[in-house]
Structures are given as C-alpha cells and as structure tokens.
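Results of the structural survey
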Amino acid sequence: MAPMSFTVAERDALNGLLGLYERERCMYAEILTLTKRQVAAVRTGGDLEDIRGIFERKRTMLDMIANMETGFDGAKAVWERLRYATDDVLCVRIKECLSQLGELIEDVLNLEAETDRLFLAAAAGV
C-alpha cells in the first residue's frame, strides 16, 4: 500500500493513540511480572496476604488502564477507518504495539489460568 497523507487532526489522533498503547504496553508488562510472582507464590504456598496484595495491585493497574482509555473514542474511530488503508510508519508502529499488547495479555491470561488451577488443586487437597 502506498503511504497516505493524514490530516493534522488524524495524525494527532493516531499519535495520541500510539502514546496510549505504549503506556498500556508498559503497564501490561508490569502486570505480567506481577502475575508471574503470583503464580510462584501460589505454587510455593506463599502467604495469602502477599498474594492478595498482588491481586490488588493488578486490579488497580487494570482500573488505571480502563481510565486511561476514556476520551480516545475519536482516535479509535480514526484508527478503525485508516488501519488497513495505509502502511504509514505511524500506523505500522500502532500495529506493532497492538501486537505486543496482545501477546502480553495472552501471557497474563495463561498465567491467570495456571493460578486458578493451582488454587483449585490446593482447595481439593492435591
């Protein structure tokens, strides 16, 4: 695809969206680190208060991400309209960032499922 020229408003919206997704990527990387600590703590029979603290920190971060997303509906609409129309460097960066975000979220969900299995096994006395 040929590069496309954006209006100033479109470029500003996409730059803002990229900044949002980059911040989210950093936060999900931290959530992944916390989730790994959580799995290790559950696996080794760690202190429940420590595990609860990890859950609380993750919930706080997820709430922060949800709050950060407010106000970006217009930018997301611009992205939806332009994402397949161009191979502009800015759009490529957004796509890469979204891909990395997806990978981080998938890793977190897999570890959360492992935590659930460990809790269920502990509850069953296995």
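Here's what I pulled together on the structure shown here.

Calculation notes
- Residues numbered from 1 in each chain as written.
- Predicted model: local features only at pLDDT ≥ 70, side-chain atom pairs only at ≥ 80, totals over all residues.
- Heavy atoms only, no water.
- Helix = DSSP H or I, 4+ residues; strand = E, 2+ residues; numbered from the N terminus.
- Buried < 20%, exposed > 50% of the residue type's maximum accessible area, 1.4 Å probe, protein only.
- Polar contact = N/O pair within 3.5 Å; in protein donor to acceptor, adjacent residues only side chain to side chain.
- Contact = heavy atoms within 4.5 Å.
- Axes fitted to C-alpha atoms, helices over the stretch in contact; angles between N-to-C directions.
- Parallel < 35°, antiparallel > 145°, perpendicular 65-115°, else oblique.
- Left-handed = near helix turned anticlockwise from the far one by under 90°.

Some points on the side chain of Lys-58
- Here Lys-58 shows up in helix 2 (residues 48-69).
- Overall, Lys-58 belongs to the buried group, its relative accessible area being 5%.
- Separated by 3.3 Å, the side chains of Lys-58 and Thr-35 make a polar contact.
- The contacts of Lys-58, once residues within four sequence positions are left out, are Ile-31, Leu-34, Thr-35, Gln-38 and Glu-112.

Some thoughts on the packing of helix 2 against helix 4 (residues 89-124)
- Closest axis-to-axis distance for the helix 2/helix 4 pair is 15 Å, and the angle between their directions is 150 degrees. With respect to each other, helix 2 and helix 4 are oriented roughly antiparallel. Note that helix 2 runs across helix 4; the crossing there is left-handed. Along its contact with helix 2, which presents Ile-51, Phe-55 and Lys-58, the element helix 4 presents Glu-112, Thr-115 and Phe-119.

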